[in-house]
Amino acid sequence: MSGLRITTAAEGTTHRVVLTGELDHETAPELERTLARLPQAAGHRLVIDLSGLALCDSSGLTTFIVARERALAAGTGFELTAPPPPVSRMLRVTGLDRVLLARHPQDA
Amino acid sequence: MSVAGHQVEEPEDREASFSALLEDSMEDLYDNAPCGYLSTLLDGEIAKVNATLLTWLGYRREDLVGRRSFADLLSVGGKLYHETHYAPMLRMHGEARELALDLVTADGHRLPVLVTATVKKNQDGDPLLVRITVFDARERRAYERELLRARREAERERERLQRLTSTLQRTLLPAELPEVLGLEIAAHYHAASSDQVGGDFYDVFPLDADRWGFFLGDVCGKGPQAAVLTSLTRYTLRAAAVHDTDPVAVLSTLNSVLRQRHDPGAPRFCTVVFGLLQPDGDDFAVSLASGGHPPPLVIRADGEVDVLTTPGGQLVGALPDAHFVATSARLTPGDVLVLYTDGLTEARRADGLMLGEDEERLPALAAGFAGTGARAVVDSLAEVLTAWADEPSDDTAILALGPRPPEAR
Amino acid sequence: MDVWSRNHVTVTGPEGGRPLVFSHGFGCDQNMWRLVAPAFAADHRVVLFDHVGAGRSDLSAWDPERYSSLEGYAADVLEIMAELDLRDAVFVGHSVSAMIGVLASVADPSRFGGLVLVGPSPRYVDDGDYRGGFSAADIEELLDSLDSNYLGWSAAMAPAIMGVPERPELGQELTESFCRTDPAIARHFARVTFLSDNRDDLAAVTVPSLVLQCREDIIAAPAVGEFVHRRLRGSELVLLDATGHCPHLSAPEQTTAAIAEFLRRRSSS
């Protein structure tokens with residue numbers, strides 16, 4: 001059964017979202033709603049952990065782009081971490097790796 | 001045995017009280033059953049009929065028994081159905097169940113009914129007569145007719161939608177590819193859904209006397225919004241190339257245009273490869289830029305496959321200052337440049353494996369088609385796709401350009 | 001196209017026996033012949049088949065264009081005869097298949113030794129002085145009857161409402177029932193059957209023919225059987241003491257005897 005599990009945890013001003021399962025046109029709206037509800041403020045950070053993502057399609061990509069724009073507008077830091085190889089490849093092909101992936105993994 | 005402190009009657013007492021309460025006249029049970037009941041000879045002649053059915057139909061017993069056959073009670077359409085379906089089924093099966101028929105009453109009205117019939121046999125198994133129950137089905141039939149009407153309506157609407165979609169889809173793809181001297185051009189388009197306009201697009205068009213532009217891409221989303229975006233993208237690419245043929249400049253213009261009406265909640269972006277093609281002797285020089293699109297392949301005549309990567313090229317429309325990267329290639333006769341969308345590489349096999357999961361798979365497959373020409377490469381890749389995924393779930397576009405050998409021009 | 005699976009062709013009887021091809025009418029399949037056909041299998045090559053859309057035929061072979069007239073069905077008959085390389089075959093066609101046999105024998109008489117037409121009608125709808133027995137409105141009513149009865153197959157209904165044309169479950173549903181027919185195809189076949197006009201084709205038949213007519217038959221009345229008999233040159237007419245449209249089911253002995261007599265005279269002449 002396909003599906004996406006979303007868990008969120010706050011550590012101070014950092015919100016960590018862990019995704020497990022498949023992020024596609026069926027599950028992306030739920031992620032979008034979850035991310036839209038997270039408080040955003042200057043100095044906050046939003047970190048999305050992709051390590052459990054078995055699949056990510058263009059709807060998932062759209063969701064990340066929307067979330068990033070919203071975060072940037074609010075002054076919140078935004079980054080994706082630990083993409084599994086297929087997701088990593090997708091981010092690389094679309095050139096989004098440099099915008100969406102954490103540049104300094106040790107900070108994440 | 002007691003229930004809540006009350007003594008329950010002994011079984012014999014209960015039977016006696018039921019007997020007093022219920023009609024135990026078999027005749028009454030038959031005649032006034034809440035359904036119509038009749039018996040006919042094997043040829044359909046009515047031999048016995050209950051009062052309920054006579055009341056429904058407005059006939060007297062003597063009008064029917066020995067005078068009419070069951071089929072006589074049916075509407076003409078019902079008679080035809082009776083002869084072509086009901087009677088054969090009864091003969092072959094010994095029963096016919098839940099047939100929807102219309103009976104015609106004495107005053108000419110229609111009574112929709114459900115009919116079940118069984119053949120009564122003697123001890124030797126020879127058929128003797130037919131027993132038929134008739135249930136009033138007026139409300140059920142009205143409901144079913146409504147259901148049927150709704151189904152027809154839905155089917156018509158669906159056909160209309162599909163016609164509209166295919167018309168729209170055609171306007172988003174070139175009606176025909178141009179003739180370019182010395183170049184074989186072939187394309188394949190697979191729309192995953194006949195109800196929705198796909199998001200893949202491509203085109204090849206003349207820029208000036210000896211230069212051609214080409215592009216292939218994939219917009220985000222599906223349906224009407226994707227169609228609008230595809231249309232905008234196609235015209236922007238063609239117009240931008242008129243002003244400045246540099247592929248990176250063309251993609252930058254597209255990025256600006258897509259950002260102009262930027263809605264943060266609903267990003268409009270696409271991935272696309274835009275290229276220029278210029279004949280040079282028997283060869284063609286290709287320069288292209290990619291905006292976040294899977295890398296084109298050059299299948300060399302000798303079986304080598306070059307993957308035209310453009311590291312760092314970003315998808316178009318998603319970021320204010322997107323970065324695009326150019327590359328170039330020279331196509332000699334027998335080489336084929338192949339552009340494709342992720343519908344090909346992300347096609348999933350029954351076990352879930354993507355065709356492009358292993359990045360080496362597509363180039364390795366393509367190598368097998370070396371020297372066959374652009375049309376054959378496109379057809380072979382389309383076959384690869386359908387062999388990999390029975391019903392590809394995403395749209396797929398493939399465009400191939402290959403210089404013909406001089407002797408074949 | 002493999003005609004064996006397309007038409008679920010079954011062959012019994014000795015290889016060298018005279019070919020006897022049984023062709024079922026609208027509403028049923030080759031099972032209709034099971035009270036008659038076995039009687040001939042001892043000394044005839046008995047060929048049974050299902051028209052495309054009926055019985056165990058290959059539904060994927062159905063093509064609304066090919067089967068938009070009886071000629072398409074006649075072409076199937078000729079393809080079956082060619083596949084089996086039948087010569088001098090006697091074709092026994094019930095109801096609409098009688099006209100399918102007429103068309104096939106006119107198209108290629110070389111394969112036919114005779115035609116047995118069971119309850120034939122070249123035109124069901126009244127036309128001027130011709131009395132086929134039905135009005136166009138009656139035929140529409142039959143189509144409604146078909147719709148009403150196929151409604152019971154809710155498995156076929158629900159996906160159509162949801163706009164999913166594939167109906168894999170339908171096949172399973174149908175396997176259980178005798179006289180299996182795909183509802184959409186049945187409706188189409190009914191229209192083609194009951195609205196066709198083959199009166200002018202009868203005069204073109206050159207092979208010997210026998211008309212089997214029931215005493216009472218509301219679908220093909222005795223007057224229609226006589227019309228067919230008059231138009232078919234040199235045909236024989238046998239009036240069966242049977243009622244209904246399916247004498248091969250309601251009076252199989254008489255039907256068998258009449259066919260046997262026709263065969264006997266055809267082989268001795």
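Residues numbered from 1 in each chain as written. Chains lettered and ligands numbered in written order. Predicted model: local features only at pLDDT ≥ 70, side-chain atom pairs only at ≥ 80, totals over all residues. Heavy atoms only, no water.

K.L.:
Which parts of the structure should I look at to understand the UniProt feature "coiled-coil region" (unreviewed entry) in chain B?
P.N.:
Annotation from UniProt places "coiled-coil region" (unreviewed entry) at residues 140-171 of chain B. For residues 140-171 of chain B, the helix share is 100%, the strand share is 0%, and the end-to-end C-alpha distance is 46 Å. (UniProt positions renumbered as here; feature names shortened; annotations may be inferred. Helix = DSSP H or I, 4+ residues; strand = E, 2+ residues; numbered from the N terminus.)

K.L.:
How should helix α7 (residues 223-243) of chain B be read in this particular structure?
P.N.:
The periodicity of an α-helix, 3.6 residues per turn, causes residues three or four places apart in sequence to face the same way. Residue and element names in this part refer to chain B. Under the 1.5 Å per step criterion, the end-to-end length of α7 is 31 Å for 21 residues, consistent within 8% with the ideal 30 Å. By the burial criterion, the buried members of α7 are G223, A226, A227, L229, T230, T233, R234, T236, L237, A240 and A241. Here the buried face of α7 lies against α6 (138-172), β9 (200-208), β10 (211-219), α8 (247-260) and β11 (270-280). (Expected span 1.5 Å × (residues − 1). Buried < 20%, exposed > 50% of the residue type's maximum accessible area, 1.4 Å probe, protein only. Contact = heavy atoms within 4.5 Å.)

K.L.:
In this structure, what is going on with the UniProt feature "domain: PAC" (unreviewed entry) in chain B? I would like to understand it.
P.N.:
Per the UniProt record, "domain: PAC" (unreviewed entry) is found at residues 97-149 of chain B. Along residues 97-149 of chain B the backbone is 23% helical and 57% strand, and the end-to-end C-alpha distance reaches 24 Å.

K.L.:
What is the right way to read the interface of chain C and chain B from this model?
P.N.:
How big an interface is tends to be stated in terms of accessible area lost as the parts join. Each side of the interface is counted separately: chain C has 34 residues, and chain B has 29 residues. Taken together, the two surfaces of chain C and chain B that pack against each other cover about 2,900 Å², and 65% of this comes from carbon and sulfur. Joining chain C to chain B, the criterion identifies 1 salt bridge. A salt bridge links R110 of chain B to E141 of chain C; the shortest N-O distance between them is 2.6 Å. If you look at where chain C meets chain B, you find 5 residue pairs in polar contact (both at pLDDT 80 or more). Among the secondary structure elements, those contributing two or more residues to the side of chain C that touches chain B are α4 (136-150), α5 (154-162), α7 (183-195) and α9 (247-250) of chain C. Among the residues making up the side of chain C that touches chain B, the classes are represented as 19 nonpolar, 10 polar and 5 charged. (Buried area = accessible area lost by both parts, 1.4 Å probe. Salt bridge = Lys/Arg side-chain N within 4 Å of Asp/Glu carboxyl O. Polar contact = N/O pair within 3.5 Å; in protein donor to acceptor, adjacent residues only side chain to side chain. Nonpolar A, V, L, I, M, F, W, Y, C, P; charged D, E, K, R; others polar.)

K.L.:
Which parts of the structure should I look at to understand the packing of helix α1 (residues 28-37) of chain A against helix α2 (residues 58-74) of chain A?
P.N.:
The relative placement of two packed helices is expressed as an angle between their axes plus a distance between the axes. All names here are of chain A. Axis separation between α1 and α2 bottoms out at 9 Å; the angle between their running directions is 10°. Our classification of the angle between α1 and α2 gives roughly parallel. For the pair α1 and α2, the sense of crossing is right-handed. Across the interface between the two elements, A28, L31, E32, L35 and A36 from α1 touch S59, G60, T63, F64, V66, A67 and R70 from α2. (Axes fitted to C-alpha atoms, helices over the stretch in contact; angles between N-to-C directions. Parallel < 35°, antiparallel > 145°, perpendicular 65-115°, else oblique. Left-handed = near helix turned anticlockwise from the far one by under 90°.)

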